[in-house]
Amino acid sequence: MSRNLHTEEMDRLFDGILTLKTREEAYRFFEDLCTAGELEAMQQRFEVASMLRNKNTYSEIAEKTGASTATISRVNRSLMYGDDGYELVIRRLEEN
């Protein structure tokens, strides 16, 4: 990644997120923090990541999620060459 996102301000944001205890608290915080479009885009990318991990094709993913092939490709790059954040969260959700 070209930008260094590891700043004190970003640490404070993530520390704040880690204080959330319930799904309702998460909804309240993220609805204040993000626009509906930003939240929908994050949700879409997360769904794309789950479907790619389950070996769905680009066309299946595009049809189900409405994501563009550019978005699907970007998420796929993150899965293949990223920091394993998607994998970490998806695996933990599957364990629960």
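Residues numbered from 1 in each chain as written. Predicted model: local features only at pLDDT ≥ 70, side-chain atom pairs only at ≥ 80, totals over all residues. Heavy atoms only, no water.

As recorded by an unreviewed UniProt entry, the protein chain carries the name TrpR YerC/YecD and is attributed to Candidatus Weimeria bifida.

Once that is clear, we can look at the packing of helix H4 (residues 58–65) against helix H5 (residues 69–81). Running from N to C, H4 and H5 cross one another at 115°; their axes reach a closest spacing of 10 Å. Crossing hand, H4 versus H5: right-handed. Contacts between H4 and H5 pair Tyr 58, Ile 61 and Ala 62 from the former with Thr 69, Ile 72, Ser 73 and Asn 76 from the latter. Tallied by class, residues from the contact of H4 with H5 come to 4 nonpolar, 3 polar and no charged. (Axes fitted to C-alpha atoms, helices over the stretch in contact; angles between N-to-C directions. Helix = DSSP H or I, 4+ residues; strand = E, 2+ residues; numbered from the N terminus. Left-handed = near helix turned anticlockwise from the far one by under 90°. Contact = heavy atoms within 4.5 Å. Nonpolar A, V, L, I, M, F, W, Y, C, P; charged D, E, K, R; others polar.)

Together, Leu 88, Val 89 and Leu 93 make up a nonpolar patch on the protein surface, roughly 230 Å² of accessible area in all. Position of Leu 88 relative to the elements: it lies in helix H6 (residues 85–95). Overall, the relative accessible area of 31% leaves Leu 88 in the partly exposed class. (Patch = residues over 30% accessible without salt bridge, like charges linked within 9 Å, V, L, I, M, F, W, Y side chains within 5 Å. Areas by Shrake-Rupley, 256 points an atom, 1.4 Å probe, with all protein chains shown as cover. Salt bridge = Lys/Arg side-chain N within 4 Å of Asp/Glu carboxyl O. Buried < 20%, exposed > 50% of the residue type's maximum accessible area, 1.4 Å probe, protein only.)

A word on the nonpolar core. A general feature of soluble globular proteins is that nonpolar side chains tend to end up buried together. With 9 residues, the main nonpolar core is built from Val 48, Ala 49, Met 51, Leu 52, Ile 61, Ala 67, Ile 72, Val 75 and Ile 90. Of all the elements, helix H3 (residues 36–53) adds the most residues to this core, at 4 residues. Leu 52 has contacts with Tyr 58, Ile 61, Ile 72, Val 75, Asn 76 and Leu 79, leaving out every residue within four places of it along the chain. (Core = buried A, V, L, I, M, F, W, Y, C linked by side-chain atoms within 4.5 Å.)

A separate point is a negative patch on the surface. Together, Glu 8, Glu 9, Asp 11 and Asp 15 line one region of the surface with negative charge. Along the polypeptide, Glu 8 turns up in helix H1 (residues 8–18). (Lys, Arg positive; Asp, Glu negative; His and termini not counted. Charge placed at Lys NZ, Arg CZ, Asp CG, Glu CD.)

Empty space within the largest pocket amounts to approximately 2,300 Å³. Lining the largest pocket are 37 residues; nearest its centre among them are Phe 14, Met 42, Phe 46, Tyr 86 and Val 89. Mapped by element, the contributors of at least two residues to the lining of the largest pocket are H1, helix H2 (23–33), H3, H5 and H6. Residues from two domains meet in the lining of the largest pocket; each of domain 1 (1–32) and domain 2 (35–95) gives at least three. (1 Å grid on protein atoms, 1.4 Å probe; cavity = no way out; pocket = protein on both sides within 12 Å on 5 of 7 lines; lining within 4 Å. Points joined across faces, edges and corners; volume = space filled by probe spheres on them. Domains from an automatic or database assignment.)

The subject of this paragraph is the domain arrangement of the protein chain. On domain assignment, one finds that the protein chain holds domain 1 (1–32) and domain 2 (35–95). Inter-centroid distance (C-alpha atoms) of domain 1 to domain 2 is 20 Å.

The full count for this structure, using the stated rule, is 4 salt bridges. When the shortest N-O distance is used, the salt bridge between Lys 64 and Glu 47 registers 3.2 Å. A residue pair is termed long-range when its members are at least 10 positions apart, and Lys 64 in helix H4 and Glu 47 in helix H3 qualify at 17 residues. You can call Glu 47 partly exposed: its relative accessible area is 25%. For the salt bridge of Glu 87 with Arg 53, the shortest nitrogen-to-oxygen distance reads 2.7 Å. Of this pair, Glu 87 sits in helix H6 while Arg 53 sits in helix H3; the two residues are 34 residues apart in sequence, bridging distant segments of the chain. Overall, the relative accessible area of 25% leaves Glu 87 in the partly exposed class. When its relative accessible area of 25% is taken as the criterion, Arg 53 is described as partly exposed. Beyond isolated ion pairs, a larger network of salt bridges with shared partners links Arg 53, Glu 87, Arg 91 and Glu 94.

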